[in-house]
Amino acid sequence: MSVVLNALKESALEGKNLFVACSGGLDSTILLHGLIELGFKPTVIHVNYHLRSDESNLDETFVKELANRFQLNLIVKNCSTRQTKAKGVNLQNEARKFRHSFFQEIIQENERNVVLLAHHQNDQIETFFLQLIRGAGIFGLGGMHVENIGIIRPFLNITKEELKAEAEKKGYKWREDSSNKKNTYYRNVFRNKIIPELTTQFPTLIQSITFLQEKFREQQADILSNLAPRFYEWKTKKCISFLQWNQLTLEEKIATCKYFTWPIWIIERIELLEKATLSSSINKTQLFRTKDGFSWEPNFVNVHCWDFKSEAVSSLPDSFNVNEIYIDADKCKFPLEFKEKSENITLMKHRAKGSTKLHKLMKDNGIPVQWRNSYPLLFCGDVLCWVPGIAITSSFLADSNSQNIIRLTIS
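Computed from a predicted structure; not experimentally measured. Position numbers for residues count from 1 along each chain, tracking the sequence in the order it is written. Whole-chain, interface and lining totals are the exception, using all residues; otherwise, since this is a predicted model, local features are given only for residues with pLDDT of at least 70 and side-chain atom pairs are given and counted only at 80 or more. Side-chain calculation: all heavy atoms of the structure are included, whereas hydrogens and water are not.

### Observations regarding the overall build of the protein chain
What the protein chain contains, in helices and strands, is 15 helices and 18 strands. Here the C-alpha radius of gyration of the protein chain, 30 Å, is well above what a compact globule of 411 residues would show, namely 22 Å. Considering only C-alpha atoms, the protein chain reaches an extent of 100 × 45 × 40 Å along its principal axes. Put simply, the protein chain has 411 residues, and 43% of those count as buried. Within the structure as shown, the protein chain displays about 23000 Å² of accessible surface, and the carbon and sulfur contribution to it stands at 49%. For the purpose of charge, His is not counted, nor are the chain termini; Lys and Arg are scored as positive and Asp and Glu as negative. The location of each charge is read from NZ of Lys, CZ of Arg, CG of Asp or CD of Glu. Across the protein chain, the 53 positively charged side chains and the 46 negatively charged ones have centroids separated by 5 Å. Strands are runs of DSSP state E lasting at least two residues, helices are runs of H or I lasting at least four, and both sets are numbered from the N terminus onward. For a compact globule the rule gives 2.2 Å times the number of residues to the power 0.38, and the radius of gyration it is set against comes from C-alpha atoms. We call a residue buried when its accessible area falls under 20% of the maximum for its residue type, exposed when it is over 50%, and partly exposed in between, using a 1.4 Å probe and counting protein chains only. All accessibility values rest on the Shrake-Rupley procedure with a 1.4 Å probe; residue burial counts only the protein chains present in the view.

### Side note on the packing of aromatic side chains
Only the six-membered ring of Trp is used, alongside the rings of Phe and Tyr, when aromatic pairs are assigned; centres must lie within 6.5 Å, and planes under 30 degrees apart are stacked while those over 60 apart are edge-to-face, with the rest tilted. Evaluated as defined, the whole model comprises 14 aromatic pairs. Where F242 meets F294, the ring centres are 6.0 Å apart and the plane angle is 50°; that geometry is what we call tilted. Remark: F294 occurs in strand β9 (residues 293–295) and F242 occurs in helix α11 (residues 242–246); sequence separation between them is 52 residues. Overall, the relative accessible area of 0% leaves F294 in the buried class. Seen from their ring centres, F294 and W296 are 6.5 Å apart, and the 45° between their planes marks the pair as tilted.

### With respect to unusual backbone geometry
The phi angle at I149 is positive, at roughly 50°, despite the residue not being glycine. Within the secondary structure, I149 sits in the loop between β5 (147–148) and β6 (151–152). With a relative accessible area of 51%, I149 lands in the exposed category. Even without being a glycine, T261 presents a positive backbone phi close to 55°. Position of T261 relative to the elements: it lies in the loop between α12 (250–259) and α13 (266–275).

### Focus on the sheet that holds strand β1 (residues 17–21)
Working definition: the strands of a sheet are paired by backbone hydrogen bonds and lie parallel or antiparallel to each other. With mixed pairing, six strands are arranged side by side in an open sheet as β3-β2-β1-β4-β6-β5. The sheet is open, and its two edges are formed by β3 (74–78) and β5, each paired on a single side. Any two strands with at least two DSSP bridges between them are considered paired. Relative to β6, strand β4 (residues 113–116) runs parallel, the two sharing two bridges. When the sheet's bridge partners are listed, L116 is paired in β6 with I152.

### Some points on helix α6 (residues 121–133)
Multiply 1.5 Å by the residue count of a helix minus one, and that product is the helix's expected span. Look at α6: 19 Å from first C-alpha to last across 13 residues, which is about the 18 Å you get at 1.5 Å a residue. With respect to burial, α6 is a largely interior element, ten of its 13 residues being buried. Positioned one or two residues after α6, G135 has a phi angle of 75°, which is positive.

### Considering the pattern of salt bridges
Basic side-chain nitrogens of Lys or Arg form a salt bridge, by our definition, when they fall within 4 Å of a carboxyl oxygen of Asp or Glu. This structure, assessed with the given rule, holds 18 salt bridges. Where E37 meets K170, a salt bridge forms, and the shortest distance between an N and an O atom there is 3.0 Å. Residue E37 is found in helix α2 (residues 26–37), and its partner K170 is found in helix α8 (residues 160–170); the two are separated by 133 residues along the sequence. Each member of the salt-bridge network shares a partner with another, and the members are R52, E55, D59, R175 and D177.

### Quick notes on the nonpolar core
W245, W262, I270, L287, F294 and W296 are the most contacted members of the largest nonpolar core, which has 33 residues in total. Where this core is concerned, the elements lending two or more residues are α6, α7 (138–141), α9 (186–201), α10 (205–237), α11, α12 and α13. Examining the composition of this core, we find that seven residues originate from one element, α10, more than from any other. When checking whether two residues touch, look at their non-hydrogen atoms; a contact exists if any pair is within 4.5 Å. Not counting the four nearest positions on each side in its chain, W296 is found in contact with W234, K238, C239, I240, F260, W262, Q286, L287 and F288. Nonpolar cores were defined as sets of buried Ala, Val, Leu, Ile, Met, Phe, Trp, Tyr and Cys residues, with membership established by side-chain atoms within 4.5 Å. Judged by nonpolar contacts, the second largest core, of 20 residues, contains V20, A118, I158 and Y172.

### Brief notes about a nonpolar patch on the surface
Like charges are joined within 9 Å and nonpolar side chains (Val, Leu, Ile, Met, Phe, Trp, Tyr) within 5 Å, but only among residues with over 30% relative accessible area and no salt bridge; these make up the patches. Side chains of L132, I133 and Y186 sit close together on the surface and give an oily, nonpolar patch of about 340 Å² of accessible area. Considering the arrangement of structural elements, one finds L132 in helix α6.

### Some points on the state of the cysteines
Whenever a pair of cysteine sulfur atoms sits within 2.5 Å, that pair is classed as a disulfide. Counted by the stated rule, this structure contains zero disulfides. Of all cysteine sulfurs, the one in C239 lies closest to C257, which takes part in no disulfide; the gap is 16 Å.

### Considering helix α3 (residues 54–69)
An ideal rise of 1.5 Å per residue puts 22 Å on 16 residues; α3 measures up with 22 Å between its terminal C-alpha atoms. Among all positions of α3, only S56, D59, E60, F62, V63, L66 and A67 are buried. Taken end-on, α3 shows its buried residues confined to a sector of 160°, consistent with a single buried face. Facing away from the buried side of α3 by over 90 degrees, the exposed positions are D54, N68 and R69. Buried-residue contacts for α3 involve α2, β2 (43–48) and β3. Phi turns positive one or two residues past the end of α3, at Q71, with a value near 55°. Our arc is simply the arc of the directions from the helix axis toward the C-beta atoms.

Encoded structure:
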């Protein structure tokens, strides 16, 4: 049996909803043919980036004809050049982000959905060198996994040459991507020049790199296994303390980013976040600073459980704090009730002249912007009288002459 069919049989695809990413090139075309030969009826998915003018459209036409010939469902996703060619963006990175977002949409629709990609051993070796020059650790140098978060790459142990030999033997047709011959990108430089030269000089290089990548992936598995209880805790709480974060090694931080699908560059930003003001956030991410760490939960109520108590007291204490308030019941417009934030509310500060905008009070006291709309506020009638833990309004406060005093506390 061919190396292609063997690899597909080892991937345990039965019982899964198969989606095959097909560009029309050699690798993905032979992947599709192999699945059909084994009796599968996958859905074909194709991304058209519109980067090579007519050539891109001809690729799409080829894939459509292939899907029609085998009576397969086809999904075509178009990527606008406004996204990939925008000023200051990395074209390859944007294209990668676009297609992987597309793949994850499919995977998350149904727990049985999997996306098959045709990456092979040559791609794996190129990835090693690309990660090496970027100074990556074991999570980068370990390369791609055969199976990872709904993505299956059955050809990672098969060379490009083996795939091409099989395609030619069976008379398959495919499309050639002319951009692969241009040494515009680092990957093409390694593919077309550096790796061929190195393997000529050092024939066992590929085997050595493959061995290293296997060892790196074993280390990755150990790290992920050790972090599993913490991942569960953090995923449940939707926050990580700076103390916990700073105790992680760099590789553990990378593993955490991968688990929560955060970009790796966020690691440096978290260090800056710790030194920033309490209400800071990381641009272009959902992460924001909390009192002792950072969170990605925009719903304040789910993050903090407030416990309010009220009781009648006969006198005032010697000292006050922002976690309790003493109200003169005779000055109040009842009912006393908690409401969420509304726009342009001002608050008279206790023992201070003038008023302060609520959003400024919250910002100055470190309430993250994601929480401000659901922060509980105490109103006397229509008048805001207390922002728990931050400030109180003097109008309704009890004093030494008050006869009916209500104490409200928060914990």
